[in-house]
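# Report on the structure
So you can see what is in the structure, the chains are spelled out below.
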Amino acid sequence: MTFATADLYDEHGENLQVALPMFNDYGGKSSFCGEIVTVKVHEDNSLVRAALEEKVKNKVLVVDGGESMRCALVGDMLAKLGMENGWQGIIVYGCIRDSDAIRKMEIGLKAIATNPRKSVKKGAGDRDISVSFAGVVFRPGEYLYADADGIVTSSQKIACAPAS
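Throughout what follows, the structure given in this document is the object of discussion. (Residues numbered from 1 in each chain as written. Predicted model: local features only at pLDDT ≥ 70, side-chain atom pairs only at ≥ 80, totals over all residues. Heavy atoms only, no water.)

## Digging into the overall build of the chain
Each helix and strand counted, the chain has 4 helices and 12 strands in total. Relative to its length of 164 residues, the chain is compact, with a C-alpha radius of gyration of 14 Å against a globular reference of 15 Å. With respect to the three principal axes, the spread of C-alpha positions in the chain is 45 × 30 × 30 Å. Per-residue burial over the chain gives 51% buried out of 164 residues. Restricting to contacts in the chain with at least 6 residues of sequence separation, those with at least 24 account for 76%. Carbon and sulfur atoms make up 47% of the accessible area of the chain, which totals about 7,700 Å². On the chain, the mean spot of the 19 positive side-chain charges and the mean spot of the 22 negative ones are 8 Å from each other. (Helix = DSSP H or I, 4+ residues; strand = E, 2+ residues; numbered from the N terminus. Rg over C-alpha atoms; globule rule 2.2 N^0.38 Å. Buried < 20%, exposed > 50% of the residue type's maximum accessible area, 1.4 Å probe, protein only. Contact = heavy atoms within 4.5 Å. Areas by Shrake-Rupley, 256 points an atom, 1.4 Å probe, with all protein chains shown as cover. Lys, Arg positive; Asp, Glu negative; His and termini not counted. Charge placed at Lys NZ, Arg CZ, Asp CG, Glu CD.)

## Considerations on the pattern of salt bridges
Considering all chains together, one arrives at 9 salt bridges under this definition. The salt bridge involving arginine 97 is made with aspartate 98; its shortest N-O contact spans 3.8 Å. Linked by salt bridges that have partners in common, Glu54, Arg127 and Asp128 make up one network. (Salt bridge = Lys/Arg side-chain N within 4 Å of Asp/Glu carboxyl O.)

## Notes on the environment of isoleucine 90
Within the fold, isoleucine 90 resides in strand β6 (residues 87–96). Separated by 29 residues in the primary sequence, isoleucine 90 and leucine 61 have C-alpha atoms spaced 4.7 Å apart. Excluding residues that lie within four positions of it along the chain, isoleucine 90 makes contacts with Phe32, Leu52, Val60, Leu61, Val63, Val74, Ile107, Gly108, Leu109 and Lys110.

## Some thoughts on the environment of serine 155
By the element assignment, serine 155 lies in the segment after β12 (150–154). Relative accessible area serves as the criterion here: at 48%, serine 155 is assigned to the partly exposed category. When the C-alpha atoms of serine 155 and glycine 34 are compared, they prove to be 12 Å apart, with 121 residues separating the residues in sequence. Setting aside chain neighbours within four positions, we find serine 155 in contact with Glu142 and Tyr143.

## Regarding the side chain of threonine 153
Looking at the element boundaries, threonine 153 is found in strand β12. For threonine 153, a relative accessible area of 2% translates into the label buried. Apart from the residues within four sequence positions on either side, threonine 153 is in contact with Asn15, Leu16, Gln17, Ile36, Val136, Phe138, Tyr143 and Leu144.

By themselves these figures say nothing about function.
As structure tokens, then:
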């Protein structure tokens, strides 16, 4: 079954959360979906790397960076690592860098903005906890669907193949 977020909303609206339209598309895949995995960090991408190093199938990493604009939490090396390890996409409530290189990769990536500054690496943060931003509570194990129209989440798997 294929999806478009607008169609998912029309069919399941009362059961979905819809993220506020604050994210830009940076990845080579504009549509992606999968089971949610979360990290909550502040200007430190160590846990982001640790998550993306894991081999997974049909998962999306949701990074709550606290909307910090001071540094990037994902760059081309981490995006490539995620792509190679089976991650379908990454949502960053913060910044990324290396956007031109990431645009050429077969991974979905939505973030607020770009910033060339790299993050610190102290290993601080939390993993697999509910995080809340953009009007949505992202819960590990629930499902995220993203395309050019936006991001929706569901407690149940609805579909997970982007519409052609």
